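Topology and contacts: notes
Given next are the chains, with one letter for each unit.
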Amino acid sequence: NTRANSMNQLRNDQDLMVSSRVNEINSAASRIAELNKEIARVFATGEQPNDMLDERDILLDRLSELAGATSHVQQNGQVIVSISGHMLVTGNETISLRTVPDATNDNLLSIEWASGQPFESNHGELKGLLTARDEIIPAQLNGLNQLAVELRDEINAIHQTGYGLDGSTGIGFFSGD
């Protein structure tokens, strides 16, 4: 029970981290959109916005770590950012992500685009968190449940061969599922 409770708490913690990473993605995307606008303005004057380009590169690297985001630099200096083929930043516009409770997954959060399309990422921290929360931890919990059932059944089989104080036989020690 202690192990199962720990695993369930870990799963809830993973869910909080999913929410945090989605917020971080949205924040980075918004900042990149702002930088895109300023970079295009500075390029138009013939200047080089090196500090802004460096800041944007750091944000792009972080988006790549978080969700496998890719970017393409346009002629005006702005970047287009996408995750699994879905646009996140285009010019100075963003398409944000949101989290919603998923009734089919213990009301843990699912991720979708602002348009309601499901979010899919095959790379990055977010993919790792979702895999741990939705596949690895449930598999571990299932293993614990199977162990408990086998332990119950084996002990009951042995216990049922004995005699109670009143001479009764065939009584299991554990009950439940």
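Heads up: these notes are all about the structure in this document.

Rules used throughout
- Residues numbered from 1 in each chain as written.
- Predicted model: local features only at pLDDT ≥ 70, side-chain atom pairs only at ≥ 80, totals over all residues.
- Heavy atoms only, no water.
- Helix = DSSP H or I, 4+ residues; strand = E, 2+ residues; numbered from the N terminus.
- Pairing = 2+ DSSP bridges.
- 1 Å grid on protein atoms, 1.4 Å probe; cavity = no way out; pocket = protein on both sides within 12 Å on 5 of 7 lines; lining within 4 Å.
- Points joined across faces, edges and corners; volume = space filled by probe spheres on them.
- Nonpolar A, V, L, I, M, F, W, Y, C, P; charged D, E, K, R; others polar.
- Contact = heavy atoms within 4.5 Å.
- Axes fitted to C-alpha atoms, helices over the stretch in contact; angles between N-to-C directions.
- Salt bridge = Lys/Arg side-chain N within 4 Å of Asp/Glu carboxyl O.
- Buried < 20%, exposed > 50% of the residue type's maximum accessible area, 1.4 Å probe, protein only.
- Core = buried A, V, L, I, M, F, W, Y, C linked by side-chain atoms within 4.5 Å.

**Comments concerning the environment of Leu 165**
Summarising the element assignment, Leu 165 is placed in the segment after helix H3 (124-159). Note: C-alpha distance between Leu 165 and Ser 121 (44 residues apart in sequence) is 62 Å.

**Topic: the pairing of strand E1 (residues 70-73)**
Of the pairings in the sheet, the one linking E1 to strand E2 (residues 79-83) comprises four bridges and is antiparallel in character. Bridge pairing links His 72 to Ile 80 in E2.

**Re the layout of surface pockets**
One number sums up the size of the largest pocket: a volume of about 350 Å³. Considering the residues around the largest pocket, the lining is formed by 13 residues, among which Asn 1, Leu 144, Asn 145, Ala 148 and Val 149 are closest to the centre. For the lining of the largest pocket, the secondary-structure elements that each account for two or more residues are helix H1 (2-44) and H3. The dominant element in the lining of the largest pocket, judged by the number of residues it contributes, is H3, at six residues. Lining the second largest pocket, in full, are Leu 109, Ser 110, Ile 111, Phe 119, Glu 120, Ser 121, Lys 127, Leu 130, Thr 131, Arg 133, Asp 134 and Glu 135. Put simply, the parts of the chain that give the lining of the second largest pocket at least two residues each are strand E6 (108-113) and H3. Among the elements that take part in the lining of the second largest pocket, H3 stands out by supplying six residues, more than any other. Across the lining of the second largest pocket, the residue classes break down as four nonpolar, three polar and five charged.

**Notes on the sheet that holds E2**
Reading across from one edge, E1-E2-E3-E4 is the order of the four strands in this open sheet, with antiparallel pairing throughout. Two strands close off the open sheet at either side, each with one partner strand: E1 and strand E4 (93-94). Taken together, the four bridges between E2 and strand E3 (residues 86-90) define a ladder with antiparallel strand orientation. In the strand pairing of E3, Ser 82 is matched with Met 87. Those strands touched by H1 are E2, E3 and E4, and its axis lies near 45° from that of E3. Set on the sheet, helix H2 (residues 50-67) makes contact with E1, E2 and E3; between it and E2 the angle comes to about 10°.

**Considerations on the pattern of salt bridges**
Applying the stated criterion across every chain yields a total of 13 salt bridges. For Glu 24, the salt bridge is made with Arg 62, and the minimal N-O distance between the two is 2.7 Å. Of the two residues, Glu 24 sits in helix H1 while Arg 62 sits in helix H2, which places them 38 residues apart along the sequence. Take Glu 24: its relative accessible area is 27%, and that puts it in the partly exposed class. In this structure, Glu 65 engages Arg 62 in a salt bridge whose closest nitrogen and oxygen atoms are separated by 3.0 Å. Here Glu 65 and its partner Arg 62 are both found in helix H2, three residues apart, which amounts to about one turn of the helix. Assessed through its relative accessible area of 43%, Glu 65 is described here as partly exposed. If you follow the salt bridges from partner to partner, you end up with Arg 11, Asp 15, Asp 106, Arg 133 and Asp 134 in one network.

**Section: the nonpolar core**
Within the largest apolar cluster, 28 residues are counted, with the highest numbers of intra-cluster contacts made by Ile 25, Val 81 and Leu 88. Looking at this core, the elements that each hand over two or more residues are H1, H2, E2, E3, E6 and H3. Ranked by the residues each element gives to this core, the list is headed by H1, at nine residues. In contact with Ile 25, other than residues within four places in its own chain, are Leu 63, Leu 66, Ala 67, Ile 83, Leu 88, Leu 97 and Leu 126.

**What about unusual backbone geometry?**
Located in the positive-phi region is Ser 84, a residue other than glycine, with phi close to 50°. Structurally, the position occupied by Ser 84 is in the loop between E2 and E3. Owing to a relative accessible area of 47%, Ser 84 belongs among the partly exposed residues under this scheme. For Asp 106, which is not glycine, the phi torsion reads 55° and is therefore positive.

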